Each structure stands twice: as structure tokens, then as C-alpha cells.
Amino acid sequence: MEALALLNQKKTLVPGFPLFSDVSPSDCASIISAGREKHYRRKQTIFSEGDPVRQVVFLLSGFVKIIQVGSNGDEVILRVNGVGEILGAFRLSINHHHCSTAQAIQPSTAIVWDSATFERLLERFPAFRRNTFRALEERLLEMEQRFREVSTEKVGSRLSSELLRLSNRLGRTVNGGCLEISLSRSDLAQLTGTTLFTVSRLLCQWQKLGIVSIGREAVLVLDFDALTQLTLSE
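The following refers to the structure shown. Here the structure is a predicted model, which means the values were calculated and not measured. (Residues numbered from 1 in each chain as written. Predicted model: local features only at pLDDT ≥ 70, side-chain atom pairs only at ≥ 80, totals over all residues. Heavy atoms only, no water.)

### Notes on the sheet that holds strand S10 (residues 178-181)
Inference 1: Read across the sheet, four strands follow the order S9-S10-S12-S11 without closing on themselves; strand pairing throughout is antiparallel. Of all the strands in the sheet, just strand S9 (172-174) and strand S11 (212-214) have a single pairing partner and so form its edges. Between one strand axis and the next, the sheet turns by 30° as a mean value, whatever way the strands run.
Inference 2: One ladder, built from three bridges, connects S10 with strand S12 (residues 219-221); its direction is antiparallel. Residue pairing in the sheet places Leu-179 in a bridge with Val-221 of S12.
Inference 3: Helix H7 (residues 196-208) contacts S11 and S12 of the sheet and is inclined by roughly 125° relative to S11. (Pairing = 2+ DSSP bridges. Helix = DSSP H or I, 4+ residues; strand = E, 2+ residues; numbered from the N terminus. Axes fitted to C-alpha atoms, helices over the stretch in contact; angles between N-to-C directions. Contact = heavy atoms within 4.5 Å.)

### Things to note about the packing of aromatic side chains
Inference 1: Inspection of every chain in the model, using the stated rule, returns seven aromatic pairs.
Inference 2: Where Phe-17 meets Phe-58, the ring centres are 5.4 Å apart and the plane angle is 90°; that geometry is what we call edge-to-face. Taken together, the positions of Phe-17 in the loop between helix H1 (2-9) and helix H2 (25-33) and Phe-58 in strand S3 (residues 55-61) put the pair 41 residues apart, joining distant regions of the chain. Neither residue differs from the other here; Phe-17 and Phe-58 are each classed as buried.
Inference 3: Put simply, the rings of Phe-17, Phe-20, Phe-58, Trp-113, Phe-118 and Phe-128 touch in pairs and so form one group of aromatic residues. (Phe/Tyr/Trp six-rings, centres within 6.5 Å; stacked < 30°, edge-to-face > 60°. Buried < 20%, exposed > 50% of the residue type's maximum accessible area, 1.4 Å probe, protein only.)

### Considering the nonpolar core
Inference 1: Formed by 28 residues in total, the largest nonpolar core has its most connected members in Leu-163, Leu-188, Leu-203 and Trp-206.
Inference 2: Within the residue set of this core, elements represented by two or more residues are strand S5 (75-81), helix H5 (155-170), S10, helix H6 (185-192), H7, S11, S12 and helix H8 (224-233).
Inference 3: The leading source of residues in this core is H5, at five residues.
Inference 4: When sequence neighbours within four positions are dropped, the list of residues in contact with Leu-163 reads Ile-181, Leu-188, Leu-203, Trp-206, Val-219 and Leu-227.
Inference 5: Among the nonpolar cores identified, the runner-up in size contains 19 residues, and Phe-17, Leu-19, Ile-111 and Trp-113 belong to it. (Core = buried A, V, L, I, M, F, W, Y, C linked by side-chain atoms within 4.5 Å.)

As C-alpha cells, then:
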């Protein structure tokens, strides 16, 4: 019931959650009340690669990065999840394990369902099931697009494309319409398959052009149209 109360306080946000599109208010209440609210500290691990999949986590606030670690110990970010998104995979089979690690980038709040409970909710509410599978399909399409970019495009184009995607999905409106992306340059380097030096150099160039403004652990998009043009011209 605590999670339901929290969602009721965010009436302007709830209708925008794609996971609950076309789900009636009463069904939405039933789905939410079947889970429990959980809070995560900054840098707290939510689940680790190799852990059994026992829970489904739906973000209400904050950002979480999905990472894998290579054989040399280097970390790579596969995706950054934001408000209204499910983290990782879900499956009831006892032999199914997480193939990545989820770590909170900033303090985050989530609704957490046991896997068995979530499976029953999918069976009980067809619209909720359709929305869940649609979200997984969109995530796969995004991964395919990013793989193509890494294989075929220059770093500048990859970085501008990633900033556009993050702006649309996770950007927070500040300063009269500018979009703030709460990720460090190191995070952006991992997402785009390049080095911290290269990302810093490009962002400094774009800052001089008035396209972005760089913070310690955030990038502010000042000129969305100019950033889009970079994606096309790089």
C-alpha cells in the first residue's frame, strides 16, 4: 500500500508510464499493491550478474545502470534505466540467472515484485502483459541500434546519438527547457564504446559552440536541434 500511496502522489507522472498504458485505475492499483516499495542508495547493487532471477524491479525514481565486466576487469554500461522502466530480465525458472549487474547511479525508489507474483500479474492483466513485452522489444531494438552505431559510425555521431536518446528517455527539464542528463563523462564513454578522453574532448568542443554545458556528473543539452545535426553530419 505504501507504493500505491507514492504513485498517487505522482498523479502527473503515472499516466505517462508506458507499462500502465490502457490499464484501468483499479487494475493499476491491484498491480502496484501486489509489490512492495524499496529504496536503493547511490552505488548500491540491486542484483549481480549470475544471481538467480527472483524479483522484478520497476523504477519510480532515480537512475540505474546495467553493466557487465569483461575478462580484463573493465566495466561496460549496457544501458541506463530511468523512471517507469523495468530493470533487467524476469523469468520464473529456477535455472534462469541475471546476465548483467544493476547498480543505482543515484538514490532510487522502486516497486519490487516476486517473480512468481509478476508472472501471475501478466496472466491476469492482458494490457499489462502487452506493455511489458513491448518494453522489452523496444529495449532490444535500442541495443541493436547502438551495436550498429559502434560498428559503422564515428565516435562523434555515436555520442550525439546517445545524448539524444538519453535526453528523450531520461532527460530532466531545467533552465527554461534545457535537458539535463545526470551521467558522468566516464558513463558516456562506456555507453558509446570509446574513451573518457575522447568524450571529454568532444563535449568541450560542443560546449564552446553552445550546444551543451558540462557539469561534473551531468550534461545539459542547450541546443537540441544542433545536437541532432551533429548526429547527421559527423
